[in-house]
Amino acid sequence: MDWSTLASAALLGMALAADAFAAALCQGAAVRHRVHGRAFGIGALFGTAQALGPLLGWLLGVACEDLIAAVDHWIAFGILAVLGARLIRAGCASGGACTPMANGWLLVGLAIGTSIDAVAAGFALPTLGLAPLLAAAIIGVVTFVLSICGVYLGRAVGAALGGKAEVFGGVVLVAIGVRILFEHGVFA
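Residues numbered from 1 in each chain as written. Predicted model: local features only at pLDDT ≥ 70, side-chain atom pairs only at ≥ 80, totals over all residues. Heavy atoms only, no water.

1. Description of the overall build of the protein
- Within the protein one finds nine helices and zero strands.
- Starting at the N terminus and walking to the C terminus, you meet the elements of the protein as α-α-α-α-α-α-α-α-α.
- When the 188 residues of the protein are sorted by exposure, 45% land in the buried category. (Helix = DSSP H or I, 4+ residues; strand = E, 2+ residues; numbered from the N terminus. Buried < 20%, exposed > 50% of the residue type's maximum accessible area, 1.4 Å probe, protein only.)

This is the structure:
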């Protein structure tokens, strides 16, 4: 695996982690006690959900491989473009608004909700040339780290960055989708 592939996996991880980062910012803005435990707990929960999401999507994609082999790059582009547009729209519409502090099952639901896009992105893993387990690990670690940083940053500066993080993540997802089309010779 070359550096550009690893860079793609890291960028994908950052893009997919944008909504988890935004949620972690909001949780950080709301946390009052046990900041360190809260930061690492949120990081672990969000990182695990984001790591499992692409594996689930990849498994579903493998099950349908024969049906989609000729158009997989278009499917990957479409999924990434739609997810990117969704993140951009959500980031622009949020106006920096945050969710209140979540605990227990509500926090688990927040982790699952922020990882739905990772399931869809899992379909794109083969077109990116990424080994699914390595990609999932990178995505999970990136989300873990960014979520921890999000809690601390949210604690320090509040929720002002929430929407901007989602817009950035959306732009990166669309750019990865366009890169897939270039690699498959669509524009040649």
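2. Quick look at the packing of helix 2 (residues 18-30) against helix 6 (residues 104-122)
- The geometry of helix 2 relative to helix 6 is characterised by a closest axis approach of 9 Å and an angle of 150° between their N-to-C directions. Taken together, the axis directions place helix 2 and helix 6 in an arrangement best described as roughly antiparallel. Residues Asp-19, Ala-20, Ala-23 and Gln-27 of helix 2 form the contact with helix 6, whose own contacting residues are Leu-107, Leu-110, Thr-114 and Asp-117.
- Partitioned by chemical class, the residues of the contact of helix 2 with helix 6 number four nonpolar, two polar and two charged. (Axes fitted to C-alpha atoms, helices over the stretch in contact; angles between N-to-C directions. Parallel < 35°, antiparallel > 145°, perpendicular 65-115°, else oblique. Contact = heavy atoms within 4.5 Å. Nonpolar A, V, L, I, M, F, W, Y, C, P; charged D, E, K, R; others polar.)

3. Regarding the packing of aromatic side chains
- Summed over all chains, the structure comprises three aromatic pairs.
- Ring geometry for Phe-182 and Phe-187: centres 4.6 Å apart, planes at 45°, overall tilted. (Phe/Tyr/Trp six-rings, centres within 6.5 Å; stacked < 30°, edge-to-face > 60°.)

4. Considering helix 2
- Its 13 residues place the ends of helix 2 19 Å apart at the C-alpha level, agreeing with the 18 Å of an ideal helix rising 1.5 Å per residue.
- With eleven of 13 residues buried, helix 2 is to be regarded as a mostly interior element.
- Taken together, the buried positions of helix 2 are occupied by Ala-18, Asp-19, Ala-20, Phe-21, Ala-22, Ala-23, Ala-24, Leu-25, Cys-26, Gln-27 and Gly-28. (Expected span 1.5 Å × (residues − 1).)

5. A look at the environment of Val-62
- With respect to the secondary-structure elements, Val-62 resides in helix 3 (residues 35-63).
- With relative accessibility at 37%, the residue Val-62 sits in the partly exposed group.
- In the structure, Val-62 is positioned 64 residues away from Pro-126 in sequence and 9.0 Å away in space, judged by C-alpha atoms.

6. A few points about the nonpolar core
- Leu-12, Leu-16, Leu-80, Leu-128, Leu-130, Ile-176 and Ile-180 are the most contacted members of the largest nonpolar core, which totals 17 residues.
- Looking at this core, the elements that each hand over two or more residues are helix 1 (3-16), helix 5 (72-94), helix 6, helix 7 (125-128), helix 8 (132-157) and helix 9 (162-183).
- If sequence neighbours within four positions are ignored, Leu-130 has contacts with Thr-5, Ala-9, Leu-12, Leu-125 and Ala-135.
- Formed by twelve residues, the second largest nonpolar core is a distinct cluster that contains Ala-20, Leu-107, Ala-111 and Val-151. (Core = buried A, V, L, I, M, F, W, Y, C linked by side-chain atoms within 4.5 Å.)

7. Quick notes on the packing of helix 2 against helix 8
- Remark: helix 2 packs on helix 8, axes separated minimally by 6 Å, with the N-to-C direction vectors making an angle of 35°. As for how helix 2 packs across helix 8, the hand of that crossing is right-handed. Across the interface between the two elements, Ala-20, Phe-21, Ala-24, Leu-25, Gly-28 and Ala-29 of helix 2 pack against Thr-143, Leu-146, Ser-147, Cys-149, Gly-150, Val-151, Leu-153, Gly-154 and Arg-155 of helix 8.
- When grouped by side-chain class, the residues that make up the contact of helix 2 with helix 8 number nine nonpolar, five polar and one charged. (Left-handed = near helix turned anticlockwise from the far one by under 90°.)

8. Comments concerning the side chain of Ser-147
- Assignment of secondary structure puts Ser-147 in helix 8.
- Note on Ser-147: relative accessible area 1%, which makes it buried.
- If we skip the residues at most four places from it in the chain, Ser-147 touches Ala-20, Ala-24, Ile-42, Gly-43 and Phe-46.

9. A word on the confidence of the model for the protein
- Mean pLDDT over the protein works out to 79, with 84% of the residues at or above the 70 mark.
- The spread of mean pLDDT over the elements of the protein runs between helix 4 (residues 65-68), the lowest at 68, and helix 3, the highest at 90. (pLDDT = per-residue confidence, 0-100.)

10. Quick look at a nonpolar patch on the surface
- The grouping of Val-71, Trp-74 and Ile-75 at the surface amounts to a nonpolar patch, some 250 Å² of accessible area in total.
- Its place among the elements puts Ile-75 in helix 5.
- Residue class for Ile-75 comes out partly exposed when judged on its relative accessible area of 31%. (Patch = residues over 30% accessible without salt bridge, like charges linked within 9 Å, V, L, I, M, F, W, Y side chains within 5 Å. Areas by Shrake-Rupley, 256 points an atom, 1.4 Å probe, with all protein chains shown as cover. Salt bridge = Lys/Arg side-chain N within 4 Å of Asp/Glu carboxyl O.)

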